[in-house]
Amino acid sequence: MSKIHAAITAVNGYVPDYILTNKELETMVDTNDEWIVSRTGIKERRILKGEGLATSDLAVPAVKGLLEKRGITAADIDLIIFCTSTPDMLFPATANILADKIGAKNAWGYDLQAACSGFLFGLTTGSQFIESGKHKKVLVVGADKMSSVVNYQDRNTCILFGDGCGAVLLEPNTEGNGIQDTILKTDGSGGQFLNIKGGGSLNPASHETVEAGLHYAYQEGKTVFKFAVTNMADVAHDIMVRNQLTADDIAWLVPHQANKRIIDATAERAGLPEEKVMVNIHKYGNTTSGTIPLCLWEWESQLKKGDNLILAAFGGGFTWGSVYLKWAY
């Protein structure tokens, strides 16, 4: 029996039409284009506008396009893992809302919350269901409507985030392609530096929590940056060492798009030149769970069967991790 790996067999993405530029942000907070670009690498980000639209509405077009590409229907999906920090509601799970919207009648599903590392945690979790032989088609979605939790009067956070969704389909592979290895980490002591304090059981929504701004994303930038630079770079390096991979063996580094300087540090630690690194932060900003699958979607035409990819992320919590996979098509 050949070992079963969980392989990505289709990828698709979706970003809203509305473009929020640095120039527009200059009219909202005390900032400027040069400052934002030099510190983050972000030039613009996409925002989901419209009454009654939520994170699941980012996922519907991404997933419908993915199903079309793969030539299957929603009824073929066994499981939906929806990675997000901005669910439509506390419950039901956005995975279930998505299943209903696309007609995935045979799938069960749940939401996974690991901030910006969510997609990697979801990919790893989904791979276990494939490797066990229990499921044949697992949909892993990374989507966030970060504009719903950003305070557009806080210049430290509003410049960073955008809305978007990327989705992949996992299926069994016996050719040796697919997910080879994963390293995932958490450190709960970092929660105080990057969080949304309101809306949970600790601080249920009230006039007081709203007035205090507790329902907005809070970040202590310097501390988070320091942790992210070190840990995201280290974990990408560690997974390469563990699998005896050199920079020459790697086709692409797929880093979480939080900050261009963090991306550069990760590439440097892995010994990878700029031309082997997927970067689209200038166009989309930080879409949280969406960044890595959006990169895969944008670079899909350049990926070749058997390519070695290193995925790496860092997020609030703190959460971080790396996935080594061989591209399957």
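Note that the structure is a prediction, hence the values are computed from the model and not measured.

## Here we look at the overall build of the chain
Line of reasoning, step 1. Along the chain, the regular secondary structure elements total eleven helices and 13 strands.
Line of reasoning, step 2. Its C-alpha atoms give the chain a radius of gyration of 19 Å, within 12% of the compact-globule value 20 Å for 329 residues.
Line of reasoning, step 3. For the C-alpha atoms alone, the extent of the chain along its principal axes is close to 60 × 45 × 35 Å.
Line of reasoning, step 4. Across the chain, every contact between residues at least 6 apart in sequence was considered, and the portion connecting residues at least 24 apart equals 76%.
Line of reasoning, step 5. In the chain, 30 positive and 37 negative side-chain charges are present, and the distance between their average locations comes to 3 Å.

## Focus: the UniProt feature "active site" (unreviewed entry) in the chain
Line of reasoning, step 1. In this numbering, the UniProt entry assigns the feature "active site" (unreviewed entry) to C116, H256 and N286. These residues run over 171 residues, yet every pair of their C-alpha atoms falls within 8.6 Å of each other.
Line of reasoning, step 2. Tracing the backbone through its elements, the reader meets C116 in the loop between β5 (108-112) and α5 (118-131).
Line of reasoning, step 3. The exposure class assigned to C116 is buried, which follows from its relative accessible area of 10%.
Line of reasoning, step 4. Each residue touching C116, except ones within four places of it in the same chain, is listed here: H256, N286, T288, A313, F314, G315 and G316.
Line of reasoning, step 5. Its place among the elements puts N286 in the loop between α10 (281-284) and α11 (291-299).
Line of reasoning, step 6. Taking the relative accessible area as the measure of exposure, N286 reaches 5% and is therefore buried.
Line of reasoning, step 7. Once residues within four sequence positions are removed from consideration, N286 is found in contact with C116, M146, L160, F161, G162, H256, Q257, A258 and T291.

## Some words on the side chain of Q257
Line of reasoning, step 1. Assignment of secondary structure puts Q257 in the loop between β11 (252-255) and α9 (260-270).
Line of reasoning, step 2. Relative accessible area serves as the criterion here: at 0%, Q257 is assigned to the buried category.
Line of reasoning, step 3. From its side chain, Q257 meets the backbone nitrogen of N280 in a polar contact 3.0 Å long.

## Brief notes about the sheet that holds strand β1 (residues 5-14)
The strands making up a sheet associate through hydrogen bonds between their backbones, and the pairing can be parallel or antiparallel.
Line of reasoning, step 1. If you walk across this open sheet you meet the five strands as β1-β7-β6-β4-β5, and the pairing is mixed. Both edges of this open sheet fall to β1 and β5, since each of them pairs with a single strand only. Across the sheet, the mean angle separating the axes of adjacent strands is 20° when strand polarity is ignored.
Line of reasoning, step 2. In the packing of α5 onto the sheet, contacts are made with β1, β4 (79-83), β5, β6 (138-145) and β7 (163-173), and the angle to β7 comes to roughly 20°.

## A word on the nonpolar core
Line of reasoning, step 1. Ranked by internal contacts, the top residues of the largest apolar core, which has 41 residues, are I310, F314 and F318.
Line of reasoning, step 2. When residues of this core are traced back to their parent elements, those giving at least two are α8 (221-242), α9, β12 (308-315) and β13 (319-326).
Line of reasoning, step 3. It is α8 that provides the largest number of residues to this core, a total of seven residues.
Line of reasoning, step 4. Residue-level mapping places this core at the junction of two domains, with at least three residues from each of domain 1 (5-175) and domain 2 (180-327).
Line of reasoning, step 5. Aside from chain neighbours lying at most four places away, what touches F318 is K185, T186, D187, G188, G190, G191, F193, L194, V224 and F227.

## Quick word on the pattern of salt bridges
Line of reasoning, step 1. Tallied over the full model, the rule gives eleven salt bridges.
Line of reasoning, step 2. The partner of K305 in a salt bridge is E175, with the nearest N and O atoms 3.1 Å apart. Here the residue K305 occupies a position in the loop between α11 and β12, and E175 occupies one in the loop between β7 and β8 (178-186), the gap between them amounting to 130 residues.
Line of reasoning, step 3. The class of E175 is exposed, set by a relative accessible area of 55%.
Line of reasoning, step 4. A salt bridge links K260 to D264; the nearest nitrogen and oxygen atoms lie 2.7 Å apart. Of this pair, K260 and D264 both sit in helix α9, four residues apart, roughly one helical turn.
Line of reasoning, step 5. What makes K260 partly exposed here is its relative accessible area of 23%.
Line of reasoning, step 6. Salt bridges sharing common partners tie together R70, K137 and E171.

## Focus: the domain arrangement of the chain
Line of reasoning, step 1. Taken as a whole, the chain is organised into domain 1 (5-175) and domain 2 (180-327).
Line of reasoning, step 2. Taking only C-alpha atoms into account, the centre of domain 1 sits 14 Å from that of domain 2.
Line of reasoning, step 3. At the junction of the two partners, domain 1 supplies 48 residues and domain 2 supplies 45 residues.
Line of reasoning, step 4. Counting each side, the surface lost to burial between domain 1 and domain 2 is near 3600 Å², with a carbon and sulfur contribution of 64%.
Line of reasoning, step 5. Run the count over domain 1 and domain 2 and you get 19 residue pairs in polar contact (both at pLDDT 80 or more).
Line of reasoning, step 6. Breaking the side of domain 1 that touches domain 2 down by element, the ones donating at least two residues are β1, α2 (33-40), β3 (44-47), α5, β6 and β7.
Line of reasoning, step 7. Split into classes, the residues belonging to the side of domain 1 that touches domain 2 amount to 23 nonpolar, 16 polar and nine charged.

## Description of α5
Line of reasoning, step 1. For α5, spanning 14 residues, the distance from its first C-alpha to its last is 20 Å, which sits close to the expected 20 Å at 1.5 Å a residue.
Line of reasoning, step 2. Burial within α5 is extensive, with ten of its 14 residues counted as buried.
Line of reasoning, step 3. Taken as a whole, α5 has its buried residues at G118, F119, L120, F121, G122, L123, T124, G126, S127 and I130.
Line of reasoning, step 4. Looking one or two residues beyond α5, the residue adopting positive phi is G133, at roughly 85°.

Calculation criteria
Residues numbered from 1 in each chain as written. Predicted model: local features only at pLDDT ≥ 70, side-chain atom pairs only at ≥ 80, totals over all residues. Heavy atoms only, no water. Helix = DSSP H or I, 4+ residues; strand = E, 2+ residues; numbered from the N terminus. Rg over C-alpha atoms; globule rule 2.2 N^0.38 Å. Contact = heavy atoms within 4.5 Å. Lys, Arg positive; Asp, Glu negative; His and termini not counted. Charge placed at Lys NZ, Arg CZ, Asp CG, Glu CD. UniProt positions renumbered as here; feature names shortened; annotations may be inferred. Buried < 20%, exposed > 50% of the residue type's maximum accessible area, 1.4 Å probe, protein only. Polar contact = N/O pair within 3.5 Å; in protein donor to acceptor, adjacent residues only side chain to side chain. Pairing = 2+ DSSP bridges. Axes fitted to C-alpha atoms, helices over the stretch in contact; angles between N-to-C directions. Core = buried A, V, L, I, M, F, W, Y, C linked by side-chain atoms within 4.5 Å. Domains from an automatic or database assignment. Salt bridge = Lys/Arg side-chain N within 4 Å of Asp/Glu carboxyl O. Buried area = accessible area lost by both parts, 1.4 Å probe. Nonpolar A, V, L, I, M, F, W, Y, C, P; charged D, E, K, R; others polar. Expected span 1.5 Å × (residues − 1).

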